[in-house]
Amino acid sequence: VANKMWGGRFEGGPAKIMEEFTPSIGFDQRLAEQDLAGSRTHARMLAAQGIISKADMDAILTGLDTIAGEIKAGTFEFKRALEDIHLNIESRLAELAGPAAGRLHTARSRNDQVATDFRLWVRAACQRADEGLDALQQALFKQAEANITTIMPGFTHMQSAQPVTFAHHLLAYVEMFARDRGRFADASKRLNECPLGSAALAGTPFPIDRDYTAKGLGFVRAMRNSLDGVSARDFALEYLAAASICATHLSKLAGEIVQWCSPGFGFVKLSDQFTTGSSIMPQKRNPDAAELVRGKTGRVLGDFVALATTVKGLVLAYGTDLQEDKERVFDAADTLEISLAVMAGMFADLKAQPERMRALANAGYPTATDLADWLVQNCGKPFREAHHITGSIVKRAEELGVDLDKLPLSEMQAVEPAITEDVLKVLSVEASVAARMSYGGTAPDRVKEQIFFWREKLK
Ligand code: ARG
């Protein structure tokens, strides 16, 4: 039999396989709350404009409340034959409110309805991402606060480069996550215009009040162009782009954890809560949670690419291709939100191991730059020559198997006679870190400035 919601000009029903292929109710039931909100506002607007009667509006609103209750209680029966959330709700409303229900769809199409619902959903998702990021920043900040003077090796090319403080390292991530929050905030602001009233694509002859529905749903304004209203999905892409970039930051941080937990590093210990064992190797404590966060980045990036590919080359206005938008966004949001929560949990009870960090901070001559800088400042050497001299001294230290600050002064003087005992003050990792007082540098006094900044900001 033909679909009762749109089957007027049909004689037969869809092929069996179509019932499997076309419905979106399996996933778009997640838009129920937004769909009900959109319908309530639309019904009120129709009545305010005299397009439907007050009595019809009341019957519609009462019916929608009943449906909201049924969905909440889990008693609402979602039917595949009714395709999507919009028709499922409308069909149930017809059972509850009788003929009044049939008036709800006046001056509206599923095209502007779904665009409105989805914008509302993505707006809320931006808010949840912001909250998740805030919690993660708080957890990172607390660890940073406790590790202002904790010295660890800083790497470039994964080679020991110059010592840094653990706080400085963690605050670099706090910065990245702040930019992520900015991207979600931008996306949320830009998407906050209402497509409802665009109708199928061209607008409607009914005297609707688009400003009323826009404001009623918390949008700042009605979208200017109805064709754009029903077909634009760049708001979803923008959410996915922000989520993708955020996921790359999470994967980077997760990668650090995996490395820091390995015995070669041992920089941190994860609590039992965020560690798993091996079914064969009894000694194992695996950072699975971090690995999964890192691995799931692929999903989020994939979601962006999938939707970008779907919308690429689509002509105006609505096409059912667009039904593919929701699962990508739902998947990315679910993945991102749980990843943020897991990372925040992991950092909240992670134990830094300052002795291990300090021990490795000395390896690989990380204060060689300080020696070269000293030669520039105290012997008037051009930096390039100082670099060369220091290279020879490092080579000598390597031959003798000692760290730079343990190399006898006479050995350094054999390479460069102008070197005096004064140089010994700059060769420890503590001195190296303390000297990096330039703005944004790793010196504890500078890091304290960052701490003050974030303490205020994250309040
Ligand atoms: N289920 C559809 C979607 O997710 C709703 C809009 C359908 N409109 C239509 N003309 N088929 O996009």
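Chains are numbered independently. Their residues run from 1 in the order of the written sequence. The model is predicted, so local features are restricted to residues of pLDDT at least 70 and side-chain atom pairs to those at 80 or more, both for listing and for counting; the totals for chains, interfaces and linings are taken over all residues. Hydrogen atoms and water are omitted, and side-chain values are computed over all heavy atoms in the structure.

## Observations concerning the site of the ligand
Now for step 1: Neighbouring the ligand are the residues S24, D28, D84, H86, R110, N111, V114, Y318, Q323 and K326.
Now for step 2: Pairs of N or O atoms within 3.5 Å make up the polar contacts considered here, provided that, within protein, one atom can donate a hydrogen while the other can accept it, and that residues adjacent in sequence are counted only when both atoms are side-chain atoms. At 3.1 Å from a nitrogen atom of the ligand is found a side-chain nitrogen or oxygen belonging to S24.
Now for step 3: Separating an oxygen atom of the ligand from a side-chain N or O atom of Y318 is a distance of 2.6 Å.
Now for step 4: Surface accessibility follows the Shrake-Rupley procedure with a 1.4 Å probe radius. Residue values consider only the protein chains on display as shielding. With the chains in place, 84% of the 340 Å² that the ligand exposes on its own is no longer accessible.
Now for step 5: Points on a 1 Å grid, built from protein atoms alone, make a cavity when a 1.4 Å probe fits but cannot get out and make a pocket when they are open with protein on both sides within 12 Å along at least 5 of 7 lines; residues with an atom within 4 Å of a point are the lining residues. To qualify as sitting in a cavity or pocket, a molecule needs more than half of its atoms within 2 Å of the grid points. Among the cavities detected, the one that contains the ligand is the largest pocket. Here a residue is near a molecule or strand as soon as one of its heavy atoms is found within 4 Å of it.

## Here we look at the environment of L322
Now for step 1: Examined against the element boundaries, L322 turns out to sit in the loop between helix 11 (288-311) and helix 12 (325-348).
Now for step 2: Residue L322 is classed as buried on the basis of its relative accessible area, which comes to 2%.
Now for step 3: Spatially, the C-alpha atom of L322 lies 24 Å from that of A129, the residues being 193 residues apart in sequence.
Now for step 4: Whether two residues are in contact is decided by their heavy atoms: any pair within 4.5 Å suffices. Other than its neighbours up to four places away in sequence, L322 contacts V230, S231, R233, V311 and L314. Starting at the N terminus, helices and strands are each numbered in turn, a helix being any DSSP run of H or I of at least four residues and a strand any DSSP run of E of at least two. To sort residues, take the accessible area from a 1.4 Å probe on protein chains only and compare it with the maximum for the residue type: under 20% means buried, over 50% means exposed, and anything in between is partly exposed.

## Describing the packing of helix 3 (residues 32-48) against helix 6 (residues 110-145)
Now for step 1: Running from amino to carboxyl end, helix 3 crosses helix 6 at an angle of 120 degrees, the nearest separation of the two axes being 9 Å. It follows that helix 3 is oblique to helix 6 by the angle criterion. In the packing of helix 3 onto helix 6, the handedness of the crossing is right-handed. Across from Q34, D35 and S39 in helix 3, the residues of helix 6 making contact are Q113, D117, L120 and W121. Fitted lines through C-alpha atoms serve as axes, helices being fitted only where they are in contact, and the angles separating the N-to-C directions of these axes extend from 0 to 180 degrees. Roughly parallel refers to an angle under 35 degrees, roughly antiparallel to one over 145, roughly perpendicular to one between 65 and 115, and oblique to any angle outside these ranges. Handedness of a crossing is defined here by the sense of rotation of the near helix relative to the far one, left-handed for an anticlockwise turn of less than a right angle and right-handed for a clockwise turn.

## A word on the pairing of strand 1 (residues 151-156)
Now for step 1: Relative to strand 2 (residues 159-165), strand 1 is paired through 6 bridges, and the arrangement is antiparallel. Directly across from T156, in strand 2, lies its bridge partner Q159.
Now for step 2: Here, a strand pair is defined by DSSP locating no fewer than two bridges between the strands. Two successive antiparallel strands, strand 1 and strand 2, enclose a turn made up of 2 residues, where H157 displays a positive phi of approximately 55 degrees.

## Points about the packing of helix 6 against helix 18 (residues 444-457)
Two measures define how a pair of helices packs: the angle their axes make with one another and the distance between the axes.
Now for step 1: Two elements in contact, helix 6 and helix 18, have axes separated by 11 Å at closest approach and are oriented at 145 degrees. The crossing of helix 6 and helix 18 is left-handed. Between helix 6 and helix 18, the residues in contact are Q137, F141, A144 and E145 and I451, W454 and R455, respectively.
Now for step 2: When residues are sorted by character, Ala, Val, Leu, Ile, Met, Phe, Trp, Tyr, Cys and Pro go into the nonpolar class, Asp, Glu, Lys and Arg into the charged class, and all the rest, Gly among them, into the polar class. For the contact of helix 6 with helix 18, the class distribution of residues is 4 nonpolar, 1 polar and 2 charged.

## Focus: the UniProt feature "domain: Fumarate lyase N-terminal" (unreviewed entry) in the protein
Now for step 1: UniProt positions are given in the numbering used here, feature names are shortened, and annotations may be inferred rather than shown by experiment. Residues annotated in UniProt with the feature "domain: Fumarate lyase N-terminal" (unreviewed entry) correspond here to residues 8-302.
Now for step 2: Across residues 8-302, helical content stands at 60% and strand content at 6%; the span's end C-alpha atoms are separated by 40 Å.

## Things to note about the layout of surface pockets
Now for step 1: Roughly 550 Å³ of internal volume is contained in the largest pocket.
Now for step 2: Taken together, 25 residues line the largest pocket, and the ones lying closest to its centre are N3, W6, T22, E83 and R110.
Now for step 3: When contributions to the lining of the largest pocket are tallied by element, the ones reaching two or more residues are helix 1 (16-21) and helix 6.
Now for step 4: The leading source of residues in the lining of the largest pocket is helix 6, at 3 residues.
Now for step 5: Looking at the lining of the largest pocket residue by residue, the class counts come to 10 nonpolar, 7 polar and 8 charged.
Now for step 6: Together, C261, S262, P263, G266, V268, K269, L270, T275, R285, Q353 and R356 line the second largest pocket.
Now for step 7: A class-by-class count of the residues in the lining of the second largest pocket yields 4 nonpolar, 4 polar and 3 charged. Grid points are joined across faces, edges and corners, and a volume is the space filled by probe spheres set on the points.

## A word on the environment of G63
Now for step 1: Along the chain, G63 falls in helix 4 (residues 54-73).
Now for step 2: Separated by 59 residues in the primary sequence, G63 and K4 have C-alpha atoms spaced 19 Å apart.
Now for step 3: Sequence-distant contacts of G63, defined by excluding residues within four places in its chain, comprise L93 and L96.

## As for the packing of aromatic side chains
Now for step 1: Two rings from Phe, Tyr or Trp (for Trp, the six-membered ring) form a pair when their centres are within 6.5 Å of each other. A pair whose planes differ by under 30 degrees is stacked, one over 60 is edge-to-face, and the rest are tilted. Per the counting criterion, the structure on display carries 11 aromatic pairs.
Now for step 2: When the centroid spacing of 5.2 Å and the interplanar angle of 80 degrees are considered together, the rings of F265 and F267 count as edge-to-face.
Now for step 3: For F265, a relative accessible area of 14% translates into the label buried.
Now for step 4: The ring of F330 carries the charged tip of R30 above its face, separated from the ring centre by 4.7 Å.
Now for step 5: Our definition puts a charge over a ring when NZ of Lys or CZ of Arg is within 6 Å of the ring centre and also within 35 degrees of the ring normal. Sitting over the face of the ring of W121, R128 holds its NZ or CZ atom 5.0 Å from the ring centroid.

## What to know about helix 4
One turn of the α-helix equals 3.6 residues, which is why residues spaced by three or four share an orientation.
Now for step 1: Expected span of a helix, by definition, is 1.5 Å for each gap between consecutive residues, and there is one gap fewer than residues. An ideal rise of 1.5 Å per residue puts 28 Å on 20 residues; helix 4 measures up with 29 Å between its terminal C-alpha atoms.
Now for step 2: Where helix 4 is concerned, the buried positions are D56, M57, I60, L61, G63, L64, I67 and E70.
Now for step 3: Looking at the buried side of helix 4, the elements it contacts are helix 3 and helix 5 (85-97).
Now for step 4: Following helix 4 by one or two positions, G74 adopts a phi angle in the positive range, close to 80 degrees.

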